[in-house]
Amino acid sequence: MRQEWDLRRLFIILSRAWWWPIITLLGGLVIAWAYLRYSEVVYKSEATIQIDLTSNPSLFAKVAENPSPLFPPEMLYEAYSELFSVYELVDQVVDTLGLEWEVYSVGKVGKTLIFPTPCFVQVEPYEAESLLWKYHNPLRLQLNGGEYTIIEDDTILAKGRIGEWVRLPWGGKVRLVKLREADLQPGLYEVRRLPRHIAITNWQSRGSVVTKRGTTVLQVNVSDKSALRAHSFLRMLLVLSGQYERNFRQVQYQKALNYIDTLLSFMRLEMKEAEDTLLQVEKKTEAPFISARREKIMKLFSAGPNPKDYVEELYLTRLKEHTQRVLDTLQKTNSTKIAPLPLLVDNQSFLSSPVSRANQIIESRNLFLEKYSGTSYQIEHINSKLSQALIHIIKLIDDYIYQKTLGASREKREFLEGKEKVYEDITYERRFSLLQEDLNLRREIYRLLLERRIQLAIDRETVVSSIRVTQPPSLPSKPLHPNPFQVYVTSLVSGLVLGMGGILLRYALKQTVSYRIDIEALSPVPVLGELAYVKGSKKDRVVLSGLQLEMLRILRSALTFVWEPGKPRILVVTSTVSAEGKSYVARNIAHVYALAGHRVLLMDADLRRASLSQEVARQEKGLSLMLAQSSVSLSELEDCIIPYQREGLYLLPAGPPAPNPPELLENPVLSHLVSYLTDKFDYIIIDSAPLGLVPDTLSLLHQIPNAVTLYIFRADYSRLPFLKHLSEVIQRHHLNKVYLLFNATQLSKPHYGYGYGYGYYGKRYDWRYYYRTTESPSLWEKVREWLPV
């Protein structure tokens with residue numbers, strides 16, 4: 001269903017059921033009052049603190065002044081925000097204030113928490129106490145003067161005087177301990193003891209910390225059902241948090257001192273071990289004599305051998321190495337040419353002949369290699385001779401060096417022996433230096449640790465709290481939850497939304513139509529007109545308002561274009577179900593035709609209900625009796641027709657109830673009756689049965705094919721599926737000349753382009769005409785005249 005929605009339509013729909021929002025608003029107020037009356041009230045106490053890390057010595061001041069990416073100050077501020085929910089700190093507050101005990105004063109309607117706790121129940125031994133509070137059930141305490149009675153589940157457990165021990169039924173003893181000097185008033189109390197861990201957990205969840213203005217200012221909140229208890233808890237929490245912070249920091253300092261003491265002991269052992277190692281190295285290397293030994297060797301080196309002897313020794317060494325390489329080459333291959341041996345110095349005459357002879361053999365070998373292969377006999381013979389010559393040269397060099405060494409002086413031998421010792425001394429000196437540096441480093445670390453220990457010991461004694469209370473805890477005067485203003489506003493808004501939403505939902509689910517502009521788009525047949533709905537008593541059925549009369553005249557004018565010239569003017573009025581205004585419309589249409597001076601016959605063809613006949617109380621004669629006969633005399637027909645309401649208007653009653661209305665209406669007598677009556681009357685208006693309930697109307701239309709059918713569709717009552725049913729009936733039975741009348745429309749309707757509405761013919765207009773109601777406009781109607789709808 002597509003309907004045009006605007007603000008005007010919305011206001012009209014809401015104004016029709018204005019009592020719904022009022023009822024839901026009143027219901028919301030009642031619910032809000034009951035919620036505020038019986039719900040548990042929660043108060044919140046607030047305090048503002050500032051974290052001043054610069055007031056702390058040592059590490060904390062350095063972190064605050066010089067932030068480091070590895071240890072940012074935000075970590076410390078976050079730790080302070082979590083400080084107020086630490087289990088040990090909350091445990092101290094709960095223990096100090098005795099918050100594991102709750103005492104309520106029980107009244108006729110509810111119970112009230114008493115704080116500070118005026119008393120508690122003490123039980124000995126521990127086993128008896130465990131049995132008493134096993135299921136965490138509260139105890140009822142009846143006080144009467146100085147005596148008390150402890151009740152659990154309507155069972156008296158103990159009875160005695162305040163402060164005196166009383167035996168329990170399962171063993172053990174109990175007494176009531178009064179904490180305050182003020183006497184407890186006689187009456188009924190409820191005592192509840194929570195387990196310590198549960199009480200601590202509850203209070204941890206009731207506290208919260210909110211960061212304000214960066215990270216250094218924190219707002220600490222505590223919520224509870226007692227304003228005084230929340231304020232006391234927060235005040236004690238701030239006091240004990242400073243002490244807890246100092247104690248915690250002193251413990252941390254003591255741990256650091258213990259750790260440094262451990263490091264100092266370890267460093268002392270390390271230094272002792274390093275000193276022992278250094279002493280052993282000094283003894284092993286004869287460290288005091290290293291410098292003297294080095295000086296002696298340097299003196300021998302300065303008075304060392306002749307450079308010529310050094311060159312001779314170098315030459316012999318090189319010659320020996322070259323000769324050995326040539327000999328190795330001969331042993332590996334026979335086909336490789338060999339370079340001659342180096343020339344000899346002048347003073348080495350003992351090698352001149354052997355070297356010259358060897359060079360000659362080498363030259364001969366090189367020449368033979370050009371002519372013969374390496375495996376020939378000649379080459380092998382020359383290689384053998386060359387090998388013997390080379391071996392002889394190496395032996396001569398070794399013998400010469402040995403003889404040279406034996407002939408060296410005593411100083412030379414001492415130099416050669418002391419040279420290796422000098423290199424060893426250099427290695428030992430390096431090791432000694434490293435050991436000395438390691439010892440000095442450990443001594444420096446030991447000194448720094450000792451200074452750090454002294455500083456930490458001083459800092460431990462000068463620890464102060466970093467918490468500065470800038471705004472002390474407030475004693476809440478208004479509850480945080482429930483907030484009366486929020487509750488009432490929420491209830492009013494919810495009631496208004498629920499009421500208005502209910503109206504709109506009901507309007508959407510009803511599948512009805514309110515305005516002609518909507519029915520014109522949905523109707524399968526042309527919409528001939530509409531009739532306004534005006535409140536009135538059922539007794540004043542004849543009295544029409546000016547608005548109704550004018551709209552009926554418009555309908556009469558519209559029917560003028562429907563009648564075919566020269567044919568009977570017969571109008572059959574029907575609907576889908578009852579209570580759609582079918583009989584009302586038929587009677588009033590006949591009425592306006594009679595006002596115009598026409599002779600009009602109103603025929604009641606609804607043989608089941610016959611509402612028009614019931615108005616005149618004529619049921620002994622009528623249409624049903626005539627249709628039950630095979631033929632009807634004209635005198636009997638004229639006897640059944642009676643005047644109705646005014647001059648020119650007549651009524652043919654339905655007659656007594658018939659068991660078979662469809663069969664009667666299919667009787668051909670009906671067509672003869674109508675044909676006769678069309679000659680007597682200008683217009684015949686037939687009130688028929690509902691089309692969607694019984695087949696009577698279809699039988700009637702088959703007998704009167706030239707009749708115009710006026711289908712009544714009532715606003716805000718008839719459902720949209722009725723239109724679909726009407727379309728199916730028209731297609732199935734091939735009905736023609738079917739028109740729709742939109743009945744019982746409201747006075748206010750959305751503008752749809754006619755240029756003006758019917759609002760001009762309101763009830764005030766009725767007062768100036770004969771056809772009017774005697775009602776005066778209501779206050780709501782007067783207000784609606786000033787509304788923009």
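None of these values were measured; they are calculated from a predicted model. Each chain carries its own residue numbering, running from 1 in the written order of its sequence. Per-residue local features of the predicted model are confined to residues with pLDDT of at least 70, and side-chain atom pairs are confined, for both listing and counting, to 80 or more; whole-chain, interface and lining totals are unaffected and use all residues. Hydrogens and water molecules were not included; the side-chain quantities draw on all heavy atoms of the structure.

Bringing the overall build of the protein chain into the picture now. Here a strand is any run of E in DSSP of at least two residues, a helix any run of H or I of at least four, and the numbering for each starts at the N terminus. Each helix and strand counted, the protein chain has 26 helices and 21 strands in total. Remark: exposure states derive from per-residue accessible area (1.4 Å probe, protein chains only) relative to the maximum for the residue type, with buried under 20%, exposed over 50%, and partly exposed in between. Taken across its 789 residues, the protein chain has 42% of its residues classed as buried. Here, two residues are considered to be in contact whenever any of their heavy atoms come within 4.5 Å of each other. Summarising the internal contacts of the protein chain: among those between residues at least 6 apart in sequence, 77% fall at separations of at least 24. Here the accessible surface of atoms and residues is derived via Shrake-Rupley with a 1.4 Å probe, and residues count as covered only by protein chains that are part of the display. When the accessible surface of the protein chain is totalled, it reaches about 44500 Å², and 56% of it is carbon and sulfur.

The next point concerns helix 17 (residues 582–595). Every α-helix winds through 3.6 residues per turn, so residues three or four apart in the chain are directed the same way. With 14 residues, helix 17 extends 20 Å from end C-alpha to end C-alpha; this agrees with the ideal 20 Å at 1.5 Å per step. Of all 14 residues making up helix 17, 12 are buried, and the element is well covered by its neighbours. Residues of helix 17 that are buried include every one of Lys-582, Ser-583, Val-585, Ala-586, Arg-587, Asn-588, Ile-589, Ala-590, His-591, Val-592, Tyr-593 and Ala-594, and no others. Two residues or fewer past helix 17, Gly-597 is found with a positive phi of approximately 90 degrees. What a helix is expected to span follows from its residue count: subtract one and scale by 1.5 Å.

Side-chain rings of Phe, Tyr and Trp, where Trp is taken by its six-membered ring, are said to pair if the distance between their centres is within 6.5 Å; with planes under 30 degrees apart they count as stacked, over 60 as edge-to-face, and otherwise as tilted. One pass over the structure, following the stated rule, counts 8 aromatic pairs. Between the aromatic rings of Trp-203 and Phe-233, the centroid separation amounts to 4.4 Å while the plane-to-plane angle is 15 degrees, which identifies the pairing as stacked. Linking Trp-203 in helix 7 (residues 196–206) with Phe-233 in helix 8 (residues 227–285), this pair joins segments that are 30 residues apart in sequence. Accessibility assignment for this pair places Trp-203 and Phe-233 in one class, buried. Judged by centre distance (6.3 Å) and plane angle (20 degrees), the ring pair of Phe-713 and Phe-742 falls under stacked. Remark: Phe-742 occurs in strand 21 (residues 738–745) and Phe-713 occurs in strand 20 (residues 708–714); sequence separation between them is 29 residues. Judged by relative accessible area, which is 0%, Phe-713 ranks as buried. Grouped by ring-pair contacts, the aromatic residues Trp-563, Tyr-593 and Tyr-683 constitute a single cluster. The rule is short: NZ of Lys or CZ of Arg within 6 Å of the ring centre and within 35 degrees of the ring normal puts a charge over the ring. Looking at Arg-37, its charged tip hangs above the ring of Tyr-38, at a distance of 5.1 Å from the centre. One residue, Arg-714, lies across the ring of Tyr-717, its end atom 5.3 Å from the ring centre.

All right, on to the sheet that holds strand 20 then. Adjacent strands of a sheet form backbone hydrogen bonds with each other and so pair up, either parallel or antiparallel. Note on pairing: two strands pair once DSSP finds at least 2 bridges between them. Reading across the sheet, the 8 strands line up as 14-21-20-15-19-16-18-17 and stay open at both edges, with mixed pairing between neighbours. In the strand order of this sheet, the two ends are held by strand 14 (527–532) and strand 17 (642–644), each with one partner. The mean inter-strand angle of the sheet, taken between neighbouring strand axes irrespective of direction, is 30 degrees. Looking at chain direction, strand 16 (residues 600–604) and strand 18 (residues 646–652) are connected through 4 bridges and run parallel. Bridge assignment links Val-600 to a residue of strand 18, and that residue is Leu-649. Taken strand by strand, helix 17 contacts strand 14, strand 15 (570–575), strand 16, strand 17, strand 18, strand 19 (683–687), strand 20 and strand 21, and its axis lies near 145 degrees from that of strand 18. Helix axes use the C-alpha atoms of the stretch in contact, all axes being lines fitted to C-alpha atoms, and the angles between their N-to-C directions lie in the range 0 to 180 degrees.

Looking now at the nonpolar core. To define a nonpolar core, start from buried Ala, Val, Leu, Ile, Met, Phe, Trp, Tyr and Cys residues and group those joined through side-chain atoms within 4.5 Å. Leu-623, Leu-652, Leu-677, Ile-686, Phe-713 and Leu-740 are the most contacted members of the largest nonpolar core, which totals 50 residues. Ranked by residue count, the leading element in this core is helix 22 (residues 669–680), at 6 residues. Apart from the residues within four sequence positions on either side, Leu-740 is in contact with Ile-519, Ser-523, Val-525, Pro-526, Val-527, Leu-528, Gly-529, Leu-710, Tyr-711, Phe-713 and Leu-723. Residues Leu-544, Val-573, Val-708 and Leu-741 belong to the second largest nonpolar core, which totals 36 residues.

Let us look at a nonpolar patch on the surface. Patches here are clusters of residues that have more than 30% relative accessible area and form no salt bridge, with a 9 Å joining cutoff for like charges and a 5 Å cutoff for nonpolar side chains (Val, Leu, Ile, Met, Phe, Trp, Tyr). One side-chain nitrogen of Lys or Arg within 4 Å of one carboxyl oxygen of Asp or Glu is enough to make a salt bridge. A grouping of Trp-18, Trp-19, Trp-20, Ile-22, Ile-23, Leu-26, Leu-29 and Leu-492 is seen on the molecular surface, where their side chains present a nonpolar patch of about 750 Å² in accessible area. Here the nonpolar patch takes 6 residues from helix 2 (residues 19–38), the largest share from any one element. Residue position: Ile-22 is located in helix 2. The class of Ile-22 is partly exposed, set by a relative accessible area of 40%.

The next point concerns the sheet that holds strand 5 (residues 139–144). Judged by pairing direction, the sheet is antiparallel, and its 6 strands sit side by side in the order 3-2-10-5-6-7 without closing on themselves. The open sheet terminates on both sides in strands that have one partner only, identified here as strand 3 (111–114) and strand 7 (155–161). Mean inter-strand twist for the sheet, computed between neighbouring axes without regard to direction, equals 25 degrees. Here strand 5 runs beside strand 6 (residues 147–152); their pairing, made up of 5 bridges, is antiparallel. Looking at the pairing, Leu-143 lines up with Tyr-148 of strand 6.

Counting buried positions over the 6 residues of strand 14 gives 6, a clear majority of the element. Pairing geometry for strand 14 and strand 21, over 4 bridges, is parallel. The residue bridging Gly-529 from the neighbouring strand is Leu-741, located in strand 21.

With that settled, consider the packing of helix 1 (residues 7–16) against helix 14 (residues 484–510). The interhelical angle for the contact between helix 1 and helix 14, taken along N-to-C directions, is 100 degrees, at an axis separation of 10 Å. Comparing the axis directions of helix 1 and helix 14 gives the class roughly perpendicular. Contacts between helix 1 and helix 14 involve Arg-9, Leu-10, Ile-13 and Leu-14 on the former and, on the latter, Met-500, Ile-503, Leu-504 and Tyr-507. Angular relationships are summarised with four words: roughly parallel below 35 degrees, roughly antiparallel beyond 145, roughly perpendicular across 65 to 115, and oblique for the angles in between.

Moving on, we come to the pattern of salt bridges. Applying the stated criterion across every chain yields a total of 30 salt bridges. The residue Arg-192 makes a salt bridge to Glu-190 at a minimum N-O spacing of 3.6 Å. Look at Glu-190 and you get buried, because its relative accessible area is 5%. Of the charged contacts in the structure, one is a salt bridge between Glu-451 and Arg-447, with a shortest N-O distance of 2.5 Å.

This part covers unusual backbone geometry. Note: most peptide bonds trans; most residues except glycine with negative phi. For the peptide bond that leads from Phe-115 to Pro-116, omega is 0 degrees, which places it in the cis range. Cis peptide bonds are those with omega within 30 degrees of zero, and the linkage from His-481 to Pro-482 qualifies with -5 degrees. The residue Pro-482 is located in the loop between strand 13 (467–471) and helix 14 in this model. If you check the backbone angles, His-734 has positive phi at about 55 degrees while not being a glycine. Inspection of the secondary structure puts His-734 in the loop between helix 24 (721–733) and strand 21.

The topology assignment puts Asn-221 in strand 12 (residues 217–224). Once the C-alpha coordinates of Asn-221 and Val-210 are considered, the two residues, 11 residues apart in sequence, prove to be 8.0 Å apart. Those residues in contact with Asn-221, other than ones at most four positions away along the chain, are Lys-44, Ser-45, Glu-46, Arg-206, Gly-207, Ser-208 and Val-210.

Here we come to the environment of Thr-462. Positionally, Thr-462 belongs in the loop between helix 13 (410–461) and strand 13. On the basis of relative accessibility, which here comes to 44%, the residue Thr-462 falls in the partly exposed class. Counting along the chain gives 216 residues from Thr-462 to Arg-246, while the straight-line C-alpha distance between them is 9.7 Å. Nitrogen and oxygen atoms within 3.5 Å of one another constitute a polar contact, given that in protein one can donate a hydrogen and the other can accept it, and given that sequence-neighbouring residues count only through two side-chain atoms. From its side chain, Thr-462 meets the backbone oxygen of Ile-458 in a polar contact 3.1 Å long.

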